[in-house]
Amino acid sequence: MSTQTSEKIQKAQKTKKRITIRFAGDSGDGIQLTGNQFTSTTAIFGNDLSTFPDYPAEIRAPAGTLFGVSGFQIQFSSDNVHTPGDDSDVLIAMNPAALKVSLGLLKENGIIIVNKDAFSDRNLKLAGYDENPLEDRTLDGYQLFDVPITKLTREALIDSPLKSKEKDRCKNFFALGIAYWMFTRPLDTTLDWIKNKFKNKPDIIEANSLALNAGYSYALSTEIFTTSYQIDQAKVEPGLYRNITGNEAIVLGLITASQKAKMELFMGGYPITPASDILHYLSKYRNYDVKTFQAEDEIAGVGAAIGASYAGALGVTASSGPGIALKGEFLGYAVMMELPLVVINIQRGGPSTGLPTKTEQADLLQAMYGRNGEAPIPVIAAQSPADCFEAAYEAAKIALQFTTPVFLLSDGYIANGAEPWLIPDTDKIPEINVKYADPKESYQPYARNPETLSRELSLPGTKGHEHRLGGLEKEDITGNVSYDPDNHDKMIRLRAEKVERLVNYINEPKIDGDESGDVLIVTWGSTYGTMCNVVEEMRANGDAVSWFHLRWINPLPKSLGKIIKNFKHVIVPEINMGQLIKILRAEYLVDAKPVNQVKGLPFNTQDVIDAIYAIKKG
Amino acid sequence: MSDQVLTKEDFTSDQEVRWCPGCGDYSILAQTRKVLPQLGIPKENIVFVSGIGCSSRFPYYIDSFGIHGIHGRAPAIASGIKLANPDLKVFIVTGDGDGLSIGGNHLIHLFRRNIDVTVLLFNNRIYGLTKGQYSPTSERGKITKSSPFGSLENPFDPIKMALASGATFVARSVDREPKHLAETIKMAAEHVGTSFVEIYQNCNIFNDGTFESLTDPKIKKDNIVVMEEGKPYIFGKESDRVLAWEDGSFSVNMHDEASSSLVHSLANSNSSVEFALAELTMDEHKPTPIGVFRKINKNTYDGLLTKQVENVKEKLGSGDLEKLLSSGNTWEIK
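Residues numbered from 1 in each chain as written. Chains lettered and ligands numbered in written order. Predicted model: local features only at pLDDT ≥ 70, side-chain atom pairs only at ≥ 80, totals over all residues. Heavy atoms only, no water.

Draft legend 1. Quick peek at the domain arrangement of chain A. Residue and element names in this part refer to chain A. Segmentation of chain A into domains returns domain 1 (12-230), domain 2 (242-426), domain 3 (435-506) and domain 4 (517-617). Residue-level contacts link 6 residues of domain 3 with 6 residues of domain 4. Both sides of the domain 3 and domain 4 interface together cover about 450 Å² of buried area, and 78% of this is carbon and sulfur. For the domain 3 face of the interface with domain 4, the top three residues by lost area are Val499, Val503 and Ile506, together amounting to 72%. Here domain 3 is connected to domain 4 by 0 salt bridges. Joining domain 3 to domain 4, the criterion identifies 1 residue pair in polar contact (both at pLDDT 80 or more). (Domains from an automatic or database assignment. Contact = heavy atoms within 4.5 Å. Buried area = accessible area lost by both parts, 1.4 Å probe. Salt bridge = Lys/Arg side-chain N within 4 Å of Asp/Glu carboxyl O. Polar contact = N/O pair within 3.5 Å; in protein donor to acceptor, adjacent residues only side chain to side chain.)

Shown next as structure tokens:
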């Protein structure tokens, strides 16, 4: 790379502890790719980090429009990172629409890098700007770097045989080069990636590599960039890491569970945002005895998974709210049949089609109660992208050991968000022992394990165990159809008690803070990261807060009932209109107070803190 | 193969049969119990799957593995069973409401995929278990509890649906023709791929006599043509008429020894003949065909899936969990 001018220019370097960058541009600008490259480089460099893609539902929205803006946010630090960050320190905007949409998410005095060449009259008009914001006072109070990225990219690629349209497509690498200089990142990870990705296209390898280097050299050598930032490596637990999204982690968790149970994994699914990636990733692993079945609809997806489970596979289905609604009848059926099944809901904005690419926690009550009759299903929630691995493994293990469907709740935020994951030692992950009825003994389909109340399964193919089951009420022990009133009452209670008993087989979450005091915050799911920040900041302010983050929402942990009565204020922040809080109030008769926001976005740390202080004040 | 010879009693479960006395389902149950031992499959390797409706009680009465599913969804459950364990012989028992109305979507996709299961669809042209509403196969104008002034809907033909959506074995039989029924069920069960049998079944409570013209010994021979391999389509009380293939459709001719007519040949058939035969059903001037409309060999979904798993294993090696977890861009913190 060029260093001729760098020696003449004095550049300052500042050390920063924590930086949040937002990349934004047209959905065709390669923003997700750029963000992912910055993430890989940063992870390998050794910072802790967390990322969040924020893209439109339209696949290729008309260029330059506000609704076609695709964003990618990353927070990285030399300290712990719990979230992709609230407001960003740096905005890299590839066109006026991206600037307009993202400006509200930038800190005061934040850095803006824009592609000046994209600020044409037409693009300004599409973004709804009457005046060019680079020329009026719109961006006063920010540090603006307007760089002619398109022009500079073309100049850098002047000798490339690519067509000019293809050359222009390299401009995201130019922007990435600038970001690498500004945050002192090495280029090798991305250069290697380009080489691998475009293996058989040497012209494209060359052009993208040139553009990346050119962006880096430009920032290094021109006078407009005076300062770069150093973010030291974070102190993290030693071991082998990879960056992982929530949906990838779910897939690995499921495969791990099926291998540890020595079973085939069968996933019946139907494409739906933001759960489709689970089907995509699983379908790659045929050699891990994973069978995926893209069914004709959501109902057939879960039906096939139940059929496979009956035949001896680990049955899994994955969807999002609207798809889960369609599966409802089959979930009640799985409760009646008492078959193992993992049901994954990657929640998105609702109701109805709602906000498919946005996040929400509003399907908790659907998971708890969304079926006819008394049909309790255990509900577990993942708290972060990497945590999806353990949550999925645990969901599968409980489903198999308790012969029950299990709901695993994730959401768009952690499904698509990514963070470094300490890869576990596979030898230390416990085996899952699945016991079938003894083929030498006569078989009673609804005989139960006296401890867990799980029923004894016997697979088709087991001689002498031929039996018939269905969705009609079962007679206790024999499993024959029964309309007996007392038997129905007994079976309803048995199915409920089975779910309650699994509390004895799961890890009790620990309260963070004192077991009595002024404020107890109770949360579940993907708000975990934000709540880490909330609690840290409140304690830094000198406020004592305790925090209980739920793993299983059904059944609730044993200790919560006692602890929850020991606080003056019980506060329940959720990305919904108050769903967990209804359960807690009903279960414990406490006057808990909600903090709710339903914008399709994760909480902002400060908003939660303000809301908690407001509740404290009364 | 089983080492002991099974009988129909071996396939009779201890459950009391609870269909209305005189229901056509009894005949289908009896013929199925008779056929099952002839398949040479141990009964523990047989799974009957059903949805909801009178017909869907069927699995309770067969002493094999059985699943009574939910309304319309038997094909989904059965697909999962067969794909998870291709060694099992899977039957689906459904009706015109369960299989063609609420579950119509699943059935066409089952046919399209050619998953190796056998579907027995009991068509009585009525909803029986819900006590007498019109079904997707009820004729237009039918007076029922939900259509007191006559149904406004056109019926559709399950055979044409099965042919069009790609089932590889398509046949029809009648509850009152026990021998034909048994033979048809046996052929369907032995077919590799999705096999479909529409069984005309009399509901003597809510739609008694709907198939009378095909079952009344006095007139049935004039109204039914039995499709038999290698034989022309001869019918009539005196076996005096024949279906002749002319310009892409069938017409009725008098049968005399000298004339040459199209011969039923499953190996050499094509879709125009198959559909033309199916078309006869709705034509009141022509006989209704029973027997096999189609029997072709095609790769099954379950067979291809098993092969795909083997191929991927061969190419990439059996899955190694440690390798899987540590794939992608990794870095080590010391």
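Alright, that's what it looks like, and here's the rest.
Draft legend 2. Broad picture of the packing of aromatic side chains. Taken as a whole and assessed by the stated rule, the structure comprises 30 aromatic pairs over all chains. Look at phenylalanine 402 of chain A and tyrosine 505 of chain A: their rings are 5.3 Å apart centre to centre, the planes differ by 75°, and that puts the pair in the edge-to-face class. One end of the pair, phenylalanine 402 of chain A, is in the loop between helix H14 (387-401) and strand S15 (405-411); the other, tyrosine 505 of chain A, is in the loop between helix H16 (485-501) and strand S18 (517-524), and 103 residues separate them in sequence. According to the relative accessible area criterion, phenylalanine 402 of chain A is buried, its value standing at 1%. Residue class for tyrosine 505 of chain A comes out partly exposed when judged on its relative accessible area of 38%. Seen from their ring centres, phenylalanine 48 of chain B and phenylalanine 91 of chain B are 4.5 Å apart, and the 5° between their planes marks the pair as stacked. Of this pair, phenylalanine 48 of chain B sits in strand S1 (residues 46-50) while phenylalanine 91 of chain B sits in strand S3 (residues 89-95), and the two are 43 residues apart along the sequence. (Phe/Tyr/Trp six-rings, centres within 6.5 Å; stacked < 30°, edge-to-face > 60°. Helix = DSSP H or I, 4+ residues; strand = E, 2+ residues; numbered from the N terminus. Buried < 20%, exposed > 50% of the residue type's maximum accessible area, 1.4 Å probe, protein only.)

Draft legend 3. The sheet that holds S15 of chain A, seen in detail. Residue and element names in this part refer to chain A. Read across the sheet, 7 strands follow the order S11-S10-S12-S13-S15-S14-S20 without closing on themselves; strand pairing throughout is mixed. Each end of this open sheet is capped by a strand with a single partner; those strands are strand S11 (290-294) and strand S20 (552-554). Each strand axis lies, on average, 20° off the axis of its neighbour in the sheet, ignoring direction. Examined bridge by bridge, strand S14 (residues 379-381) and S15 share 3 bridges and lie parallel to one another. Residue pairing for S15: isoleucine 380 is matched across the bridge by leucine 408. Along the sheet, helix H12 (residues 321-337) makes contact with strand S12 (314-319), strand S13 (341-347) and S15, crossing S13 at roughly 160°. (Pairing = 2+ DSSP bridges. Axes fitted to C-alpha atoms, helices over the stretch in contact; angles between N-to-C directions.)

Draft legend 4. Just a negative patch on the surface, in detail. All names here are of chain A. Residues Asp130, Glu131, Glu135 and Asp136 make up a contiguous surface patch of negative charge. Examined against the element boundaries, glutamate 135 turns out to sit in the loop between helix H3 (121-126) and strand S7 (143-147). The class for glutamate 135 is exposed, based on a relative accessible area of 68%. (Patch = residues over 30% accessible without salt bridge, like charges linked within 9 Å, V, L, I, M, F, W, Y side chains within 5 Å. Areas by Shrake-Rupley, 256 points an atom, 1.4 Å probe, with all protein chains shown as cover. Lys, Arg positive; Asp, Glu negative; His and termini not counted. Charge placed at Lys NZ, Arg CZ, Asp CG, Glu CD.)

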